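Examination of the molecular architecture
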Amino acid sequence: MNFLENIFFRLQSAASQPVLQEIHGGSIVQATGAELLAKIQAGRDFLRSTGMRKGDRCALLADNGIDWAAMDLAIIAEGGIVVPLYARQAATELAGMMKDCQPALLICGNASLEQEIQNVWPEAPRSILLEEVLRAGPSGLPLPAEPVLLEDLQPVTIIYTSGTSGEQKGVILSAGNLNHMLGCTTERLDLLMGQRETAERVFHYLPFCFAGSWILLLSCLSRNAVLNLSTDLGHLVDEMRVAEPEYFLNVPILLERMRAKIEEQLRQRGGVVHWIFRKARRDWELQHGAGGKGGWSPWLRIAGGVVFPVIRKKLGKNLKALICGSAALSRETQLFFMMLGLPVLQVYGLTETTAICTMDNPQAIRPGRVGPAIDGVEMRIGEQDEILVRGPNIFRGYWNRPEETESVLRNGWFHTGDQGAVDRDGYWTISGRLKNLIVLASGHNIAPEPMEEKLLRLIPGAQQVVLTGSGRSFPSAIITGEVQPQDVECALAEINQTLPHYKQIHGFHISTEPISIENGMLTANGKLKRDAITEHFHGVLDSLYRKKTS
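So, how was this worked out
Residues numbered from 1 in each chain as written. Predicted model: local features only at pLDDT ≥ 70, side-chain atom pairs only at ≥ 80, totals over all residues. Heavy atoms only, no water. Buried < 20%, exposed > 50% of the residue type's maximum accessible area, 1.4 Å probe, protein only. Helix = DSSP H or I, 4+ residues; strand = E, 2+ residues; numbered from the N terminus. Arc of directions from axis to C-beta. Contact = heavy atoms within 4.5 Å. Polar contact = N/O pair within 3.5 Å; in protein donor to acceptor, adjacent residues only side chain to side chain. Pairing = 2+ DSSP bridges. Right-handed = clockwise from strand over helix to strand, strands pointing away. Axes fitted to C-alpha atoms, helices over the stretch in contact; angles between N-to-C directions. Salt bridge = Lys/Arg side-chain N within 4 Å of Asp/Glu carboxyl O.

**Some points on helix 1 (residues 3-13)**
The complete set of buried residues in helix 1 reads Phe3, Leu4, Ile7, Phe8, Arg10 and Leu11. Seen from one end, helix 1 has its buried residues packed into an arc of 160°, which puts them on one side. Looking at the buried side of helix 1, the elements it contacts are strand 1 (18-24), helix 2 (33-49), helix 3 (66-77), helix 7 (175-193), helix 8 (211-221) and strand 10 (225-229). One side-chain oxygen at the N-terminal end of helix 1 lies 3.0 Å from the backbone nitrogen of leucine 4; it belongs to asparagine 2.

If you want it as structure tokens, here you go:
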């Protein structure tokens, strides 16, 4: 049974039970297994009426929702290739991706998105609103109850990578990739949740057009779970209270903000509770610091009885674990939530690896590491500490880019471009991207990510920290947010005393303008476009270096 057949079987088994729910304020719109199957059938009926052929591309440009999931599965079930697109991305970038893959059809979530595409690309393919597709009645064509036969090598999606250099590439993932990956995620989630008869409650806010987010959707539809979908990122906390999840997928920045908010609320409250919390955190850090010098702690015992349970309840009374991926999570933040009694399970992977290479084992987490390689996947270290991967999770190639495919798929190994290390037990750490290395005029190489992470924690009010300095005599920092210069100077003094001379940061610039998708300095999934950032701040940086060297 392939992954799609398994999902259809699961939906039939849960015909009268909710499988997907959208949260709209305090109300919930739900779809049972039977209702989702009906929407999928409406989508398939429409696709067949258009004459769509096996292998045709179909672009899906819409926000998360029950209808998105139904249309995604309908396209795959008819043998088409889904091209999921990010609704917040600039229309010119979206048009560029579609010009690359030439979809036979564009399905939009709303009329304004449809119009934006037509404005920048008058020759765009036929488009239709998602609501109209799924609202349409039977066309009179016979509709098979089962999905088409999916062979392992058959492409099912083209997901465009964010392109930190500004270049978008379409990653082709096959049915075989999905068959393997969903088996691995199910195994890990079984370890987390154990054997049970009640449906798992899951919350989700990340766009389905990202590989890891899509894998979670398919994983939940493959198992006894109810996936609760956010519809308003401005009210995540309220939506989480409605969803009452047992786990959900995160990006590091959200967990960092959650940690900062908890600490700030305790600081403002003050009194005995804050005092106990500080004592407990100190002992926890001693236990998990270099050498693990801490012993039994009465403060941790007290906090574990009267402080930590209250914090956990505010985060979610049913919460069993947090899952985190897309970028490196600081060890300190992972330890912070573990102290509260909430394990943070890290996942590492790329779109080209069907989103996942490693996953934490819920029963054997090692803080600061992203877990061991998943079953059937091999990983090793290449030149310049680059992580190389091979296995059934590796993509088929980039759409219409054979030379770029050959440059990363060599001798059976996928060259990730990430740098890392592995311990004797097979647990991996990720240190940064090869392309992000800062090469100073002296020839010294600097990985910026660990230093950026430390500065972000040390500078009050900082939203983002970006190190720059390639071709210069020393590294400098760009800091965004409502930040005071004296706070930056204090943070630099603290970090510089721990660094070798060539890594010490001797200049900085504060920008109240955030680095964002809208101004072209962040990718669609929130990664820094370092070349674009350097270009944007070119004049400021030139002036800074002239002053420092004059």
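**Quick word on the pairing of strand 10**
For strand 10, the buried fraction is high: 5 of the 5 residues fall into the buried class. Burial of the side chains of strand 10 extends over both faces: Ala225, Leu227 and Leu229 are buried on one face and Val226 and Asn228 on the other. Relative to strand 10, strand 1 is paired through 3 bridges, and the arrangement is parallel. Bridged to glutamate 22 within strand 10 is leucine 229. Bridge analysis of strand 9 (residues 200-204) against strand 10 gives 5 bridges, and the strand direction is parallel. Counted as the bridge partner of valine 202 is leucine 227 from strand 10. With respect to chirality, the unit in which strand 9 leads through helix 8 into the neighbouring parallel strand 10 is right-handed.

**A closer look at the sheet that holds strand 23 (residues 462-468)**
Read from one edge of the open sheet, 3 strands run 23-24-25, paired in mixed fashion. In the strand order of this sheet, the two ends are held by strand 23 and strand 25 (507-511), each with one partner. Averaged over all neighbouring strand pairs, the angle between strand axes comes to 20°, with direction disregarded. Two elements, strand 23 and strand 24 (residues 476-481), share 6 bridges in a ladder whose sense is antiparallel.

**Digging into unusual backbone geometry**
Here glutamine 102, not a glycine, exhibits a phi torsion of approximately 50°, which is positive. Relative to the assigned elements, glutamine 102 resides in the loop between helix 4 (91-101) and strand 5 (105-108). Take glutamine 102: its relative accessible area is 46%, and that puts it in the partly exposed class. With a phi angle near 60°, aspartate 385 is a residue other than glycine that sits in the positive phi range. Inspection of the secondary structure puts aspartate 385 in the loop between strand 15 (378-381) and strand 16 (386-390).

**Remarks on the pattern of salt bridges**
The full count for this structure, using the stated rule, is 27 salt bridges. The shortest N-O distance in the salt bridge between arginine 457 and glutamate 332 comes to 3.6 Å. Of this pair, arginine 457 sits in helix 16 (residues 448-458) while glutamate 332 sits in helix 14 (residues 331-340), placing them 125 residues apart in sequence. A salt bridge links arginine 366 to aspartate 425; the shortest N-O distance between them is 2.8 Å. Taken together, the positions of arginine 366 in the loop between strand 14 (358-359) and strand 15 and aspartate 425 in the loop between strand 19 (413-422) and strand 20 (428-433) put the pair 59 residues apart, joining distant regions of the chain. The class for arginine 366 is partly exposed, based on a relative accessible area of 29%. Exposure remark for aspartate 425: the relative accessible area of 47% places this residue in the partly exposed category. A single network of salt bridges, built from pairs that share partners, joins Arg366, Arg369, Asp423 and Asp425.

**Details of the side chain of threonine 353**
In this fold, threonine 353 is placed in the loop between strand 13 (344-348) and strand 14. Beyond its immediate stretch of four places on either side in the chain, threonine 353 contacts Met181, Asn393, Ile394 and Phe414.

**Here's the deal with the sheet that holds strand 14**
Spatial strand order, 2-1-10-9-11-12-13-14: 8 strands in an open sheet with mixed pairing. Whereas interior strands pair on both sides, the edge strands pair on one side only; in this sheet they are strand 2 (27-32) and strand 14. Bridge count between strand 1 and strand 2: 6 bridges; the pairing is antiparallel. Bridge pairing in strand 2 links glutamate 22 to valine 29. Contacting strand 11 (247-250), strand 12 (321-324) and strand 13, helix 10 (residues 252-269) crosses the sheet at an angle of about 110° to strand 11.

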